[in-house]
Amino acid sequence: MTKIKITQVKSIIDRSERQKRTMAALGLKKLNATVEVEATPQILGMVNKVNHLVKVEEA
């Protein structure tokens, strides 16, 4: 499985509760925080839902 790096680039203030929970599930709590995770279909689906708040790179 490939790994991806996800970086939060926009704030979750004034976002829906669903988007806030998705960001928390990805492990992103603060602006400019970065996590490295496996690129599973579940993770890719979550990233797709909050793609306007994050930057994704292959690790």
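Residues numbered from 1 in each chain as written. Predicted model: local features only at pLDDT ≥ 70, side-chain atom pairs only at ≥ 80, totals over all residues. Heavy atoms only, no water.

### Considerations on the pattern of salt bridges
Logical step 1: Going through the model one piece at a time under the given rule, you end up with three salt bridges.
Logical step 2: A salt bridge links lysine 3 to glutamate 38; its shortest N-O distance comes to 3.5 Å. Of this pair, lysine 3 sits in strand β1 (residues 3-8) while glutamate 38 sits in strand β2 (residues 34-38), and the two are 35 residues apart along the sequence.
Logical step 3: In this structure lysine 3 comes out as partly exposed when scored by relative accessible area, which is 34%.
Logical step 4: Note on glutamate 38: relative accessible area 32%, which makes it partly exposed.
Logical step 5: A salt bridge links glutamate 17 to arginine 21; the shortest N-O distance between them is 3.7 Å. In this pair, glutamate 17 and arginine 21 are both assigned in helix α1 (residues 17-26), four residues apart and thus about one turn of the helix distant.
Logical step 6: The class for glutamate 17 is partly exposed, based on a relative accessible area of 45%. (Salt bridge = Lys/Arg side-chain N within 4 Å of Asp/Glu carboxyl O. Helix = DSSP H or I, 4+ residues; strand = E, 2+ residues; numbered from the N terminus. Buried < 20%, exposed > 50% of the residue type's maximum accessible area, 1.4 Å probe, protein only.)

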